[in-house]
Amino acid sequence: MADMRLIYGAVADLAEYGIVKGLIRERDRVYTINRLLERLHIDYFEDCGISKPLPPLEDILKILLDHACESGLTEHDSVVFRDLFDTELMNCLTPPPSAVADRFESLYARSPKEATDWYYEFSRATDYIRTYRIAKDIKWTVSTEYGELVVTINLSKPEKDPKAIAAALSAGQSDYPKCQLCVENEGYAGRVNHPARANHRIIPVTINNTPWFLQYSPYVYYNEHCIVFNSQHTPMKIDHAAFDKLLDFIGQFPHYMVGSNADLPIVGGSILTHDHFQGGNYEFPMARAAIEEDVKIKGFEDIEAGIVKWPMTVLRIMGSEPHRLADCADHVLKTWREYSDESAFIYAYSRSDTGEAVTDAPVDYEHHGKEYIPHNTITPIARMRNGRYELDMVLRNNITTDEHPLGVFHPHAEHHHIKKENIGLIEVMGLAILPSRLKKEMAGLVDCLVSSGDITGDQELAKHADWIGTIRDKYPAERLADREEAGKILKEEIGLVYSDILRQCGVFKRDEAGRKAFRRFIDRL
């Protein structure tokens, strides 16, 4: 058991941390210490002073978490159970929702950016955003013909250990909260199969005259990665109202971009059951991509439009009137929903009973019923540029075949050793989120390249064997023999795989036939 003076010191340090970060005031010090003691099942406190300098939050929490695990206050000593407990500790320092919302509103009256700056730092200070974990993420860039793409290996989202997995299987099922985006997550203690959100605070916002909420992602894949979500647990839907909401949001927060995942499986995000957007104070590679061909959309000649030079299929529209832009986007969406082109393997519908793709379904998207499965949708992204509204529309299709059972416009099997998951909003825009397993696998692959070793018998690395063979054929042996060079080459090649995955997800390919097919669709508008 740890020296209790060490525990008392950590409690005092955590209260001091709250004061330094502006979460509590000096007048709240004793009250906060007593709340922490209650969570730790300690009924005595000795003032041992405050550490100078104040340790990092992670170190303070570790002392208290070790004590909690040793004292039997957690079911197991693992990351899942430690997270459940330390979130309760941080909640002792976190102001109530009304105080947080009031502060945001008062700052917003001065400046939207000042409000989001404060809220982002607040979310970091409460440890809702665990900055010390996010710092472990691996990130690099790679140059391509479409500009510089960003590649990340996400290490900040903890993986469940066997004890937590076993506990989750034996835990009773609960539909409260209904999903991880519902408003009921605010202040929720969590459980082994639902993340702790006791220190979570959300901001009410009104978008297109409907009540929504603003929060930050706890895993912040990019700067100020925010989530904007409907106050009601209602499914994702891309329609005219969605475009209105996206454009209204950036009108209120012009320093942010915001986008929506598509509303169909395979090409959509991981949570299709709750209507939400993702945004932030970040310029994605796709935003920097230029228009390579201007186009005109019939009936919307006042709207600037063009084809974006990007591996996926992107139509960009620009204007000063958000409602006019939303009307144009809705016209594009409705046309795309019903569009088929056999030469490009674009089918708007398939029969639900046979899976047969059809070009002349006697239905439309709003009335397709159960007999036909719709395939076409859009991933929209909105931003302000030089005082004008800009909306990128990425055409998506989720059709599957025997050859590509996960999706024709989805990462193909030859790239599954790197990534086989859906390509959602963030990756569409040029930021790859690769699985954490790649950190360990990359180290092994560098060893393989340096030593000219054989990985076909390695259970973890064998899936990369064909790819490693192409790398050996592409680069001189002396470069691959140098460990630093081999590491750089491996990162470069992973980036090129990601670029090719985006190309595979594009519904109209970038060869001459694909360009003509895209033009045929635009002519239909």
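Quick summary incoming for the structure in this document. (Residues numbered from 1 in each chain as written. Predicted model: local features only at pLDDT ≥ 70, side-chain atom pairs only at ≥ 80, totals over all residues. Heavy atoms only, no water.)

## Notes on the packing of helix 13 (residues 437-451) against helix 16 (residues 483-505)
Part 1: Taken N-terminus to C-terminus, the directions of helix 13 and helix 16 make an angle of 125°; their axes are 9 Å apart at the nearest point. In this view, helix 13 runs oblique relative to helix 16, as classed from their interaxial angle. Helix 16 is crossed by helix 13, and the crossing has right-handed handedness. Judged by residue contacts, M442, L445, V446, D447, L449 and V450 of helix 13 engage R483, A486, G487, L490, K491 and I494 from helix 16.
Part 2: In the contact of helix 13 with helix 16, the residues fall into eight nonpolar, one polar and three charged. (Axes fitted to C-alpha atoms, helices over the stretch in contact; angles between N-to-C directions. Helix = DSSP H or I, 4+ residues; strand = E, 2+ residues; numbered from the N terminus. Parallel < 35°, antiparallel > 145°, perpendicular 65-115°, else oblique. Left-handed = near helix turned anticlockwise from the far one by under 90°. Contact = heavy atoms within 4.5 Å. Nonpolar A, V, L, I, M, F, W, Y, C, P; charged D, E, K, R; others polar.)

## What to know about the environment of I203
Part 1: Checked against the element boundaries, I203 lands in strand 3 (residues 203-207).
Part 2: Put simply, I203 and R103 are 100 residues apart on the chain and 10.0 Å apart in space, counted from C-alpha to C-alpha.
Part 3: Here I203 is in contact with V100, A101, F104, Y119, W212, F213 and L214, once residues within four sequence places are set aside.

## Looking at the pairing of strand 3
Part 1: The alternating pattern of strand 3 places I203, V205 and I207 on a buried face and P204 and T206 on a face that is not buried.
Part 2: Strand direction decides the pairing type here: strand 3 and strand 4 (residues 210-216), joined by five bridges, are antiparallel. Directly across from T206, in strand 4, lies its bridge partner P211.
Part 3: Where strand 3 folds back onto strand 4 in an antiparallel hairpin, the turn is made up of two residues, including N208, whose phi is positive at roughly 50°. (Buried < 20%, exposed > 50% of the residue type's maximum accessible area, 1.4 Å probe, protein only. Pairing = 2+ DSSP bridges.)

## Considerations on the environment of R316
Part 1: Looking at where R316 falls in the secondary structure, it is placed in strand 10 (residues 314-319).
Part 2: Residue classification places R316 among the buried positions, given a relative accessible area of 4%.
Part 3: A sequence separation of 287 residues divides R316 from R29, and the C-alpha atoms of the two residues are 53 Å apart.
Part 4: A distance of 3.0 Å separates a polar side-chain atom of R316 from the backbone oxygen of A289. (Polar contact = N/O pair within 3.5 Å; in protein donor to acceptor, adjacent residues only side chain to side chain.)

## Quick word on helix 3 (residues 57-70)
Part 1: For helix 3, with 14 residues, the first-to-last C-alpha span of 20 Å sits near the 20 Å given by 1.5 Å per residue.
Part 2: Within helix 3, the full set of buried residues consists of L57, I60, L61, L64, L65, H67, A68 and C69.
Part 3: Buried-residue contacts for helix 3 involve helix 1 (4-20), helix 4 (79-91), helix 6 (112-125) and helix 7 (131-134).
Part 4: Within two residues after helix 3, G72 carries a phi angle of roughly 80°, on the positive side. (Expected span 1.5 Å × (residues − 1).)

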